[in-house]
Amino acid sequence: MKVNTAEIVISAVGPKQYPEGNLPEIALAGRSNVGKSSFINKMIHRKNLARTSSKPGKTQTLNFYILNESFYFVDVPGYGFAKVSKTEREAWGKMIEEYLVEREQLKAVVQLVDLRHPPSKEDCLMYDWLKYHNLSVIIVATKSDKIPKGKWDKHKKIVKETLNMDPNDRIVLFSSETGHGKDEAWGVLNSYLSK
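Conventions and cut-offs
- Residues numbered from 1 in each chain as written.
- Predicted model: local features only at pLDDT ≥ 70, side-chain atom pairs only at ≥ 80, totals over all residues.
- Heavy atoms only, no water.
- Helix = DSSP H or I, 4+ residues; strand = E, 2+ residues; numbered from the N terminus.
- Salt bridge = Lys/Arg side-chain N within 4 Å of Asp/Glu carboxyl O.
- Buried < 20%, exposed > 50% of the residue type's maximum accessible area, 1.4 Å probe, protein only.
- Pairing = 2+ DSSP bridges.
- Axes fitted to C-alpha atoms, helices over the stretch in contact; angles between N-to-C directions.

## Focus: unusual backbone geometry
Argument step 1. The backbone of Asn-134 sits at a positive phi, close to 55°, despite the residue not being glycine.
Argument step 2. Within the fold, Asn-134 resides in the loop between helix 3 (121-132) and strand 6 (137-142).
Argument step 3. With phi around 55°, Asn-164 is a residue other than glycine that occupies positive phi space.
Argument step 4. Along the polypeptide, Asn-164 turns up in the loop between helix 4 (152-163) and strand 7 (170-173).

Dropping the structure here:
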């Protein structure tokens, strides 16, 4: 897909602030340092629409990006980062849960994991939670450029087994450095956006 226009519309903390209308939405979830912002920037061919930070856990709101005036990427706060207070974490949790469970425009959730390591306990909990709520999940395994190509299949298998992935869910190996997996990711996303 060619993204001609992309802009951030709102950083929301609750349903009253969500964009109105019925445009489809794809949510992006992942640990705080998994590379969600880099994924967004690579997918839309922009350097820094989504701000990357050396400090994980910067996203503390639901950031709605409208693409081609026809659908949204919704960046949700990263999980598994300890430098915020328990109260803050609980508030985020409630905000994220409310959005993911109740938002009718949500078509699928892209869960990003780091291909270099087996998915963490938080990754597994998140995946199980999404499946429990019958949400469509696409796993994007980032940082594929950091692993020799010959070992991709081995690492992919570890991701699938650790998450106990549903065989119907798609997994895409991705690199925001090289762009590997970008076309495949768009192909999978389009199948949900056109439903």
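## Here's the deal with the pattern of salt bridges
Argument step 1. Under the counting rule described, the total for this entry stands at 9 salt bridges.
Argument step 2. One salt bridge in this structure joins Asp-75 and Lys-36, with 2.8 Å as the shortest N-O distance. Pair noted here: Asp-75 is in strand 4 (residues 71-75) and Lys-36 is in helix 1 (residues 36-43), with a separation of 39 residues, a long-range link. For the residue pair Asp-75 and Lys-36, the accessibility class agrees, reading buried in each case.
Argument step 3. Between Asp-114 and Arg-116 there is a salt bridge, with the nearest N and O atoms lying 2.7 Å from each other.

## Re the sheet that holds strand 1 (residues 6-12)
Argument step 1. Within the open sheet, the 7 strands sit side by side as 1-3-4-2-5-6-7. Their pairing is mixed. The sheet terminates laterally at strand 1 and strand 7, the two strands that pair on one side only. Along the sheet, successive strands turn relative to each other by an average axial angle of 25°, direction set aside.
Argument step 2. Where strand 1 meets strand 3 (residues 62-67), 6 bridges bridge the pair, whose relative direction is antiparallel. Across the sheet, residue Ala-12 finds its bridge partner in strand 3, namely Leu-62.

Distances and angles like these do not, on their own, reveal function.
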